[in-house]
There are 2 protein chains.
Amino acid sequence: MKRNYDENAKIIKALSDPSRLKIIDILSCGEKCACDILQYFDFTQPTLSHHMKVLMECGIVECRKEGLWSYYSLNSSNCNKLILFLMNLVTDTDECICKDKAKCECK
Amino acid sequence: MKRNYDENAKIIKALSDPSRLKIIDILSCGEKCACDILQYFDFTQPTLSHHMKVLMECGIVECRKEGLWSYYSLNSSNCNKLILFLMNLVTDTDECICKDKAKCECK
DNA sequence: ATTTTACATAGATAGTTATCTATATAAAGG
DNA sequence: CCTTTATATAGATAACTATCTATGTAAAAT
């Protein structure tokens, strides 16, 4: 981490948006497709697409394509100490943000 | 922390700039006045003043005035879990960035 | 084949921000 | 007093970004 200011600033910047923090929170329940994530927000589908791209470019989120659907999930395995901590911080609770608990893997 | 997306995004955003990460690194050696901090950068004095203001508004840094000088230091006591972690992450090394080790409190 | 559906991309725009120059402030020295 | 010095503030600007509408793409359904 030390002295690698530019690269780390880029990762931190990806997490410096309230909508993206909320996306991480949502994905902490497990994999979700884009249209499911979108229901938690007021913005449009292209805007979500933009946020997912930012999160993926930093390795925070990964995507699995299946037919028409794109399933997104937190990519802990690819995460460094910083990302892991921030993800845990945002999602550190027993209560899941997801309304449909049957569909998600809430603890 | 949970669900407080806006406030936390603001703190994370304050840390999402490479110059401000470097300032935190510099201050990890201990209190320094603005003109000393400025020597580590190529930008102008008003730009540093701007960055210090951003860091202070989030409680990451505090300022002590003495005569003409403004002495800045990391404000760990006022920090939440997030800020503390990020500060430790940036400064987690034995090697100090400061050239003049006689003047700073490097471990 | 045509339509529908899920998502991405292109391009525009308004708001934010990192930087600059110029100037203000205020303390210290001569 | 006047000058010097350290820092802050004001205002401008260029770059970046979060958002939108419009459109492209590609898989599935009819």
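You'll find the structure just up there.
Computed from a prediction, not measured in an experiment: that's the story for all the values here.

Chemist: Just checking my understanding: could you explain the pattern of salt bridges for this structure?
Modeler: All names here are of chain A. Evaluated as defined, the whole model comprises four salt bridges over all chains. The shortest N-O distance in the salt bridge between Arg64 and Glu31 comes to 2.7 Å. Within this pair, whereas Arg64 is found in strand 2 (residues 61-66), its partner Glu31 is found in the loop between helix 2 (18-27) and strand 1 (32-33), the two being separated by 33 residues in sequence. The class of Arg64 is partly exposed, set by a relative accessible area of 35%. Under the relative-accessibility criterion, Glu31 is labelled partly exposed at 38%. In this structure, a network of salt bridges that share partners links the residues Glu31, Arg64 and Glu66.

Chemist: Would you explain the sheet that holds strand 2 (residues 61-66) of chain B in this entry?
Modeler: Strand pairing in a sheet relies on backbone hydrogen bonds. The paired strands run either parallel or antiparallel. Residues and elements named next belong to chain B. As summarised here, the arrangement of the three strands in space is 1-3-2, forming an open sheet in which the pairing is antiparallel. Strands with a single pairing partner mark the edges of an open sheet, and in this sheet they are strand 1 (32-33) and strand 2. When strand 1 meets strand 3 (residues 69-74), the two strands line up antiparallel, connected through two bridges. Residue Cys33 lies in a different strand from strand 3, and its bridge partner there is Tyr71. Packed onto the sheet, helix 2 (residues 18-27) meets strand 1, strand 2 and strand 3 and runs at close to 90 degrees relative to strand 3.

Chemist: How should the nonpolar core be read in this particular structure?
Modeler: General note: in soluble globular proteins, nonpolar side chains tend to be found buried as a group. Grouped together as the largest cluster of nonpolar side chains are 45 residues, with contacts concentrated most on A:Ile37 and B:Ile37. Mapped by element, the contributors of at least two residues to this core are helix 1 (5-14), helix 2, helix 4 (45-57) and strand 3 (69-74) of chain A together with helix 1 (5-14), helix 2, helix 4 (45-57) and strand 3 of chain B. If sequence neighbours within four positions are ignored, B:Ile37 has contacts with B:Ile23, B:Ile26, B:Leu27, B:Lys32, B:Leu48, B:Met52 and B:Tyr72.

Reading the values: rules and limits
- Residue positions are counted from 1 within each chain, in the order its sequence is given.
- To label them, take the chains in the order written and letter them from A, then take the ligands in the order written and number them from 1.
- Thresholds applied to this predicted model are a pLDDT of at least 70 for local features of residues and 80 or more for the giving and counting of side-chain atom pairs; totals over whole chains, interfaces and linings are not thresholded and use all residues.
- Working from all heavy atoms in the structure, the side-chain values ignore hydrogens and water.
- Here, a salt bridge means any Lys or Arg side-chain nitrogen found within 4 Å of an Asp or Glu carboxyl oxygen.
- Under the DSSP-based scheme used, a helix requires at least four consecutive residues in state H or I and a strand at least two consecutive residues in state E, with every element numbered from the N terminus.
- Three labels apply to residues, based on accessible area from a 1.4 Å probe with only protein chains included: buried if under 20% of the type maximum, exposed if over 50%, partly exposed otherwise in between.
- Here the rule is simple: two strands pair whenever DSSP picks up at least two bridges between them.
- Working rule for contacts: check all heavy atoms of both residues, and any pair within 4.5 Å makes them a contact.
- Helix axes use the C-alpha atoms of the stretch in contact, all axes being lines fitted to C-alpha atoms, and the angles between their N-to-C directions lie in the range 0 to 180 degrees.
- Here, nonpolar core refers to any group of buried Ala, Val, Leu, Ile, Met, Phe, Trp, Tyr and Cys residues whose side-chain atoms link them within 4.5 Å.

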